[in-house]
Each structure stands twice: as structure tokens, then as C-alpha cells.
Amino acid sequence: MRSSRRLERIPPYLFAELERKIAARRAAGVDVISLGIGDPDMPTFEPIVAAAQRAVANPSTHSYPTNRGRREFREAVAAFYARRFGVELDPETEVMPAIGAKECIFNLNLAFLDPGDVALAADPGYPVYTGGPLLVGAEPVLMPLEPDRGFAPDLAAIPREALERTRLLYLNYPNNPTGAIVADGLFERVVELAAEHEILAVHDNAYSETTFDGYVAPSFLQTPGAKDVGVEVFSLSKGYNMTGWRCAAIVGNAGAIAQYWRLKSNIDSGLFEAVQLAGAAALGPELDVHVKGMNEIYQRRRDLVCDALVQAGVEVRRPKGTIYVWAPVPAGFESAAAYCEHVLEEAAVVVSPGDAYGPSGAGFFRISLTAPDDRLLEAVERLRSL
Ligand SMILES: Cc1ncc(COP(=O)(O)O)c(C=O)c1O
């Protein structure tokens, strides 16, 4: 069956490939430890599940949702942003639910890019920042994140010609896949650049609640002027163990959100309202203790993995946020992909190759901390003994 040329322009989605390989090994009886995908291994916090159970039993959630979102959800997101970030949002115009950050980010490409337009994408970065623009016939232009710049892009290095065609800019801190936190002054420089070139800045805030060592991640919208030029996509997936629920919100610039709403009213019928009510419950202050407990677990796992890697002679930075450790590929392998293939073949451990997130990820691999301590330790032990 011939697909569209648009679809042919993008590579197969990394994790679809990985899942196929893992399933084949497991079917052959191999004990595979999968640290490839960033999918929390712990259940959604109990009060969220209880709120969802009540919401599912409430017939008012059973009809088509509105894309605009249920008032309770919009107000809960606004209250959370005020409490957590000191950011004031108008729940009427500056908040809307999304069916996960992935849906939202992809659809922003449809809403804002025409063929010939450019989206600036962090490299390495979440694959939708590049796949999305390609799928809508536009052009992703990469902004390399260099380790010695703290994984911040060099905005001054973006080619002038590309800037003139740029409509969207994607950033994400705490960062997947590098684990980096936002560099001082970066958000301010992004606001300036976006204002000068009439770019919509999109901050993908998937990991602000997952931080360690006392670090508290900011919202992009705390930056003066950010709401004039940007939106933030806040996902409940990782911080609240809710990846399966598909619950996120787009917040910030009211004009951009209105366009996203207009687009979505032609594409989908919104987020199940029971999920919206569960999301509203998740964002209340009484859930903070659960988030904190989860962060203690991830911090312990991070230390366990980093200590073992350091002992094995791998120079690794201890991330202050996210659920990933970003480590250099050992010498002797021609690429990250070759190393990851070797690790899967010889140690039955799945880690993801850095260049799957963009060419600047070459030379690194990503370990996801979403497995119990004993499995993580065993995985690192298997890597060490290779
Ligand atoms: C940076 C980043 N953005 C977005 C997502 C997807 O979030 P959601 O589950 O809300 O679609 C992920 C998931 O891995 C991610 O790492």
C-alpha cells in the first residue's frame, strides 16, 4: 500500500522499532531489561485513580467533550500554574486540554506551518519536533544542544535565512534526552528572538515536576514577555505516572491557543472529560507529596545508575531532572546505534541511541530510570561485564 509522500519523508518512529525488537527477544525466552522507553513503571497515584473512578461514574462526562475543555480542568491548571510557578493564567482563554503533549505538539505544526516554513527544533530532541514539521510539508531546522554550553542552543548560530522563514521554535527543559536543566538567560533570549522574528515559541514542559537535589524547574511563562510570544505544553504523563491517560494542557498565548482550538475542532473531539477531572485532581496541592515521593525514587535510581557507570569508567553527568541518564558511548563503537545493538544482542538490555534524537546525540546513549532498582542494577552490571 503506497503511503503519502509526506509520510515517506519521516523515519520509522524510534520506539515502534524498539518495541518490535524487544517483543521478538522476549518471545524467544530472553530476559530483556528495557530501559529504552521513558514510561514510568509505577502506577498512577491512588487519589487520581479514585477521582477518575468517581468521574467515570458521573454521566456528565459521557458525552462528547468540548475541545475547549471542562471548566474544572482549566481552573485546576490555572490554579496549579499560580501556586507552582507564580504564573497567572486566564482559564477562559489561556488554558486548554490536550490529548497528551504529543498530540498538541504535532497539531501546533498543522496550525502554524505552511510548506516552506521552518520550525526550529532542539537537537537532540523529542522526535515530534522534527517529524511534525516534515509531516505538514514544512522544514525542521536543528539547533544543536552542545554539552559544553549546558545543552543550550546557540541562538546566534541559527542561519539568518532560516530565521526569516521560522514560525515555530521548540524547546524543552528539563530536557529529554540529555537530562539538562535550562541554562541561565536562555528563556529570556528565546523571548527576544521570538519577538524580533514573529516566532511562536513552544516550551515543551514534560518534566518540570521531576527534579532532584532540591532543584525546582521554572515554567517558560515565568519569563517576562513569554506569554506575548509563546505557549507551554504541560504534560501530566511523567510527573504523575499518567502516560496512558493522555492528559496535558496548552497554556499561554491566547491567540495561539485560539488557533489550536480552531484546528482541533476539525480533527478530534477532545479529551475524555473523566480524564480531565482526574487531571484536575492530580494538580491539587495534596498530591505534591506523591510527586515528591516519586522524585525520591528517581533520584535514588539516578544515583545508583550514575555511580555504577562512574565505577565502570564512564564519564556521566548526574541529571537534575527528567527520568533519563545521558551517557557517552564507550570507545570502540562506530556509532551509538552500533553500541545499542551490541548491548541488546549481548546483554539483553535496551537503551536508546543518542542519534535517534538528532545528529547531535551521536556519541551518547540514553538510559531510562523507569525500572525497579534491582533491574536497573542488573542492567548496569550486564553493561559493565560486556
Ligand atoms: C520531551 C517530551 N515531550 C512530550 C512527550 C510526550 O508527552 P505526552 O505523554 O503528554 O504525549 C515526551 C514523552 O516522552 C517527552 O519526552
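Residues numbered from 1 in each chain as written. Predicted model: local features only at pLDDT ≥ 70, side-chain atom pairs only at ≥ 80, totals over all residues. Heavy atoms only, no water.

## A short note on the overall build of the chain
Link 1 in the chain: Counting its secondary structure elements, the chain contains 14 helices and 13 strands.
Link 2 in the chain: Whereas a compact globule of 386 residues would reach a radius of gyration of roughly 21 Å, the chain reaches 20 Å, a difference of no more than 12%.
Link 3 in the chain: Overall, the C-alpha framework of the chain stretches about 55 × 55 × 50 Å when taken along its three principal axes.
Link 4 in the chain: A total of 386 residues make up the chain; the buried ones form 56% of that total.
Link 5 in the chain: When the accessible area of the chain is evaluated, it comes to approximately 16,100 Å², of which 54% is carbon and sulfur surface. (Helix = DSSP H or I, 4+ residues; strand = E, 2+ residues; numbered from the N terminus. Rg over C-alpha atoms; globule rule 2.2 N^0.38 Å. Buried < 20%, exposed > 50% of the residue type's maximum accessible area, 1.4 Å probe, protein only. Areas by Shrake-Rupley, 256 points an atom, 1.4 Å probe, with all protein chains shown as cover.)

## Things to note about the pattern of salt bridges
Link 1 in the chain: A complete count under the given rule lists 28 salt bridges for this structure.
Link 2 in the chain: With its nearest N and O atoms 2.9 Å apart, the salt bridge here joins K227 to E94. Of this pair, K227 sits in helix α9 (residues 226-229) while E94 is found in the loop between α4 (71-85) and β2 (95-98), placing the two residues 133 residues apart along the sequence.
Link 3 in the chain: Put simply, E103 and K264 hold a salt bridge, and the shortest N to O gap is 2.9 Å. Of this pair, E103 sits in helix α5 (residues 101-112) while K264 sits in helix α10 (residues 254-264), and the two are 161 residues apart along the sequence.
Link 4 in the chain: Under the relative-accessibility criterion, E103 is labelled buried at 14%.
Link 5 in the chain: A cluster of three or more residues bridged by salt bridges with shared partners is formed by D213, R302, D303, D307, R318 and K320. (Salt bridge = Lys/Arg side-chain N within 4 Å of Asp/Glu carboxyl O.)

## What about the site of the ligand?
Link 1 in the chain: Residues in contact with the ligand amount to 14 residues; listed here are only the nearest, D204, Y207, S237, K238 and R246.
Link 2 in the chain: At a separation of 2.6 Å, an oxygen atom of the ligand approaches a polar side-chain atom of S237.
Link 3 in the chain: Relative to its unbound accessible area of 390 Å², the ligand is 93% covered by the protein chains.
Link 4 in the chain: In terms of residue class, the shell around the ligand is built from five nonpolar, five polar and four charged. (Near = heavy atom within 4 Å. Polar contact = N/O pair within 3.5 Å; in protein donor to acceptor, adjacent residues only side chain to side chain. Nonpolar A, V, L, I, M, F, W, Y, C, P; charged D, E, K, R; others polar.)

## A few points about the environment of E146
Link 1 in the chain: Here E146 is to be found in strand β4 (residues 139-146).
Link 2 in the chain: Among the residues examined, E146 registers a relative accessible area of 36% and is labelled partly exposed.
Link 3 in the chain: Distance from E146 to G361, taken between C-alpha atoms, is 9.2 Å for residues 215 residues apart in sequence.
Link 4 in the chain: When sequence neighbours within four positions are dropped, the list of residues in contact with E146 reads F151 and A152. (Contact = heavy atoms within 4.5 Å.)

## Description of the packing of aromatic side chains
Link 1 in the chain: Counted according to the given criterion, the structure contains 14 aromatic pairs.
Link 2 in the chain: Here W326 and F364 contribute two aromatic rings whose centre-to-centre distance is 5.1 Å and whose plane-to-plane angle is 5°, an arrangement assigned as stacked. Taken as a pair, W326 in strand β10 (residues 324-328) and F364 in strand β13 (residues 364-368) lie far apart in primary sequence, 38 residues in all.
Link 3 in the chain: Aromatic pair F333 and Y339: ring centres 5.0 Å apart, planes at 75°, arrangement edge-to-face.
Link 4 in the chain: By the ring-pair criterion, three or more aromatic residues cluster together here, those being F80, Y81, F85 and F234. (Phe/Tyr/Trp six-rings, centres within 6.5 Å; stacked < 30°, edge-to-face > 60°.)

## Thoughts on the sheet that holds strand β12 (residues 352-353)
Link 1 in the chain: Ordered by their spatial adjacency, three strands build an open sheet running β10-β13-β12, and the pairing between neighbours is antiparallel. Taken across any chain shown, the strands that pair with only one partner, and hence form the sheet edges, are β10 and β12.
Link 2 in the chain: Pairing of β10 with β13 involves five bridges; the strand directions are antiparallel. Across the sheet, V325 pairs through a bridge with I367, a residue of β13. (Pairing = 2+ DSSP bridges.)

Remember, this is a structural readout, not a statement about activity or role.
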